[in-house]
Amino acid sequence: MIRAKCSRMLADRDEAQDVAQETFLRLWRSGVADLEPAVLTAWIYRTSTRLAVDRLRQRRFSVNVAEPPEGSTPGAAALVEARRELERIARSVPAAELRAAILHRFDRMGQQEVAEILGSSERTVRRLLERFDRRMEEVRE
Amino acid sequence: MSAHPSFRDLDRVSLGEELPAVRDHAAGCDACAAYLAELPGEAWSGLPAITEPPRRRLRLFAWDGARPSRLALVGVPALATAVAAVWLAALPRDEAPPPWLAAKGAPSIAIFVKRDASLSLWDGAAPFLPGDRIRLRIAPQEYTHAAVAVFDRSTLGWSVLFEGEVRGSEVLLPGSWELDAAPGAERLLVAMDAGPVRLERAPWRREILLPKAAPLTP
């Protein structure tokens, strides 16, 4: 599950693997591993997304995304395209926007679920996503 | 956002949570069903009972009848398993990794221990208890075949528990083994090669000592 999530976010397999490892390590140490699935998955999505965003923003070079993610999932082609766009602009986008965008676009969450994961209001999430979409439009133009 | 449920909802279902709407969707959606099928959680609910009779008795008992995906555990411990092998490679140096742990880029082995309802990664030193089940995950690197054997003290030779291809970055071996109550440590040999493995000539061999706790006396 963690690996699948990280592979959706990061094109580079090694990088996805690193983030998966780090997420797992934190899970192992956090003591949340015995919690019910809803809480556990929220923790995993929140932590791994944060770690992935940190990676994306630290990158100096973009990664060549040439193929759908491992284990093609619904909308794999669209996912690849979305990831390309994200990686192109990651360094210039605030982390909070990136997190919301990843959860919304890659993990197929609605605004309410994104808000739950990020611990913010739906209104905040809506604003973050709107700002992100505007940036994407600018990039496309 | 999408006609599909979120991946998190699918993950929750795979961990055993009852989400009827998600289940109903997956039942009629090939893509979501395929995603769920790739996650180990749900399949693990069909574990063979721990009391299932072993098929062969060595120092370890082979449990070779179950599919690989059904040999792990339910829920969160299973989640831990999915990444535990790579976790080994990421252990900080001050956490005293097991002596058989390989450097990054070299073949390595992770041993998982199931004790009652818990699953953990063996630290390379903790003694096993009778009834513990172990399962191996191998990172074969450049090798394509592996063999696992246990030393049989009655014949003074190696008894092969597993032999086969191990292509991929990490391979969970299809079988787990239960430790019996016989006294003394068990010797496990893992060998790898670029073709079918001959135990004595394999270019990569590691012998692992599995210590056992002394049996409780009444």
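First things first, this report covers the structure right here in the doc. Per chain, residue numbering runs from 1 following the sequence as it is written. By the order in which they are written, chains take letters starting at A while ligands take numbers starting at 1. In keeping with the model being predicted, local features are shown solely for residues with a pLDDT of at least 70 and side-chain atom pairs are shown and tallied solely at 80 or more, while totals for entire chains, interfaces and linings include all residues. Water and hydrogen atoms were dropped before computing side-chain values, which therefore reflect all heavy atoms in the structure.

**Re the overall build of chain A**
At step 1: Only DSSP runs of H or I covering at least 4 residues are called helices, and only runs of E covering at least 2 are called strands; the numbering of each starts at the N terminus. A tally of regular secondary structure across chain A gives seven helices and zero strands.
At step 2: The order of helices and strands in chain A, counted from the N terminus, is α-α-α-α-α-α-α.
At step 3: Residues counted as buried form 50% of the 141 residues belonging to chain A.
At step 4: In chain A, once contacts between residues fewer than 6 apart in sequence are set aside, the share between residues at least 24 apart is 63%.
At step 5: Throughout, the Shrake-Rupley method with a 1.4 Å probe supplies accessible areas, and for residues the shown protein chains are the sole cover considered. Summed over all atoms, the accessible surface of chain A reaches about 6800 Å², with 42% contributed by carbon and sulfur. Exposure is judged per residue with a 1.4 Å probe applied to protein chains only, and the accessible area is read against the type maximum: over 50% gives exposed, under 20% gives buried, and values in between give partly exposed. Whether two residues touch is decided by their heavy atoms; if any such pair falls within 4.5 Å, the residues are in contact.

**Looking at the overall build of chain B**
At step 1: Broken down by element type, chain B carries five helices and eleven strands.
At step 2: Contacts in chain B between residues at least 24 apart in sequence constitute 65% of all its contacts with a sequence separation of at least 6.
At step 3: Put simply, chain B shows about 10200 Å² of open surface, and 55% of that area lies on carbon and sulfur atoms.

**Focus: the pairing of strand 7 (residues 157–165) of chain B**
All names here are of chain B.
At step 1: Pairing between strands is defined by DSSP: at least two bridges between the two strands are required. Relative to strand 7, strand 6 (residues 145–152) runs antiparallel, the two being bridged by eight bridges. By the bridge assignment, His145 is partnered in strand 7 with Glu165.
At step 2: Hairpin connection, strand 6 to strand 7: the antiparallel pair is bridged by four residues, and Leu156 has positive phi, about 55°.

**Brief notes about the pattern of salt bridges**
At step 1: For salt bridges, the criterion is a side-chain nitrogen of Lys or Arg within 4 Å of an Asp or Glu carboxyl oxygen. Across all of its chains, the model carries 19 salt bridges over all chains by this definition.
At step 2: Between A:Arg8 and A:Asp107 there is a salt bridge, with its nearest N and O atoms 3.0 Å apart. Here A:Arg8, found in helix 1 (residues 2–9), pairs with A:Asp107, found in the loop between helix 5 (95–106) and helix 6 (111–118); they are 99 residues apart in sequence, far enough to count as distant. Accessibility classification places A:Arg8 together with A:Asp107 in one group, the buried group.
At step 3: When salt bridges that share partners are traced, they join A:Arg3, B:Arg137 and B:Glu170 into one network.

**A few points about the nonpolar core**
At step 1: Membership of the largest hydrophobic core comes to 53 residues, with the highest contact counts inside it found for A:Leu27 and A:Phe132.
At step 2: With nine residues, helix 3 (residues 37–58) of chain A is the single largest residue contributor to this core.
At step 3: In plain words, nonpolar cores are sets of buried Ala, Val, Leu, Ile, Met, Phe, Trp, Tyr and Cys residues tied together by side-chain atoms within 4.5 Å. The next biggest cluster of nonpolar side chains, apart from the first, holds 25 residues, and it includes B:Ile111, B:Leu136, B:Trp177 and B:Ile208.

**Re the sheet that holds strand 10 (residues 186–193) of chain B**
Residue and element names in this part refer to chain B.
At step 1: The four strands are arranged 7-6-10-11 in an open sheet whose pairing can be described as antiparallel. Sheet topology places strand 7 and strand 11 (204–210) at the edges, where each strand pairs with a single neighbour. Between one strand axis and the next, the sheet turns by 20° as a mean value, whatever way the strands run.
At step 2: Here six bridges tie strand 6 to strand 10, and the two strands are oriented antiparallel to one another. Opposite Val150, over in strand 10, you have Leu188 as the bridge partner. Axes, fitted as lines to C-alpha atoms, cover a helix only where it is in contact. Angles between the N-to-C directions of the axes lie from 0 to 180 degrees.

**Observations concerning the environment of A:Pro94**
Residues and elements named next belong to chain A.
At step 1: By the element assignment, Pro94 lies in the loop between helix 4 (76–89) and helix 5.
At step 2: The class for Pro94 is partly exposed, based on a relative accessible area of 34%.
At step 3: Once the C-alpha coordinates of Pro94 and Leu128 are considered, the two residues, 34 residues apart in sequence, prove to be 9.4 Å apart.
At step 4: Among all residues touching Pro94, those that are not within four sequence positions of it are Arg57 and Arg135.

**Here's the deal with helix 6 of chain A**
Residues lying three or four places apart along an α-helix face the same way, a consequence of the helix completing one turn every 3.6 residues.
At step 1: The complete set of buried residues in helix 6 of chain A reads A:Glu113, A:Val114, A:Ala115 and A:Ile117.
At step 2: Residue A:Gly119 follows helix 6 of chain A closely and has a positive phi angle near 70°.

**Digging into the side chain of B:Lys212**
Residue and element names in this part refer to chain B.
At step 1: Along the chain, Lys212 turns up in the segment after strand 11.
At step 2: In this structure Lys212 comes out as buried when scored by relative accessible area, which is 15%.
At step 3: Within the structure, Lys212 has its side chain in polar contact with the side chain of Asp180 (distance 2.8 Å).
At step 4: By the criterion applied in these results, polar contacts are pairs of N or O atoms within 3.5 Å in which, for protein atoms, one can donate a hydrogen and the other can accept it, and in which residues neighboring in sequence qualify only through two side-chain atoms. Within the local environment of Lys212, its side chain forms a polar contact with the side chain of Glu186, the two groups lying 2.8 Å apart.
At step 5: Apart from the residues lying within four places of it in its own chain, the contact partners of Lys212 are Pro127, Phe128, Leu179, Asp180, Ala181, Ala182, Gly184, Ala185 and Glu186.

**Examining unusual backbone geometry**
At step 1: Even without being glycine, A:Arg108 reaches a positive phi, approximately 60°.
At step 2: Locating A:Arg108 in the fold gives a position in the loop between helix 5 and helix 6.
At step 3: Judged by its relative accessible area of 7%, A:Arg108 is buried.
At step 4: Unlike most non-glycine residues, B:Gln141 shows phi in positive territory, near 55°.
At step 5: Topologically, B:Gln141 is positioned in the loop between strand 5 (133–139) and strand 6.
At step 6: For B:Gln141, a relative accessible area of 40% corresponds to the partly exposed category.

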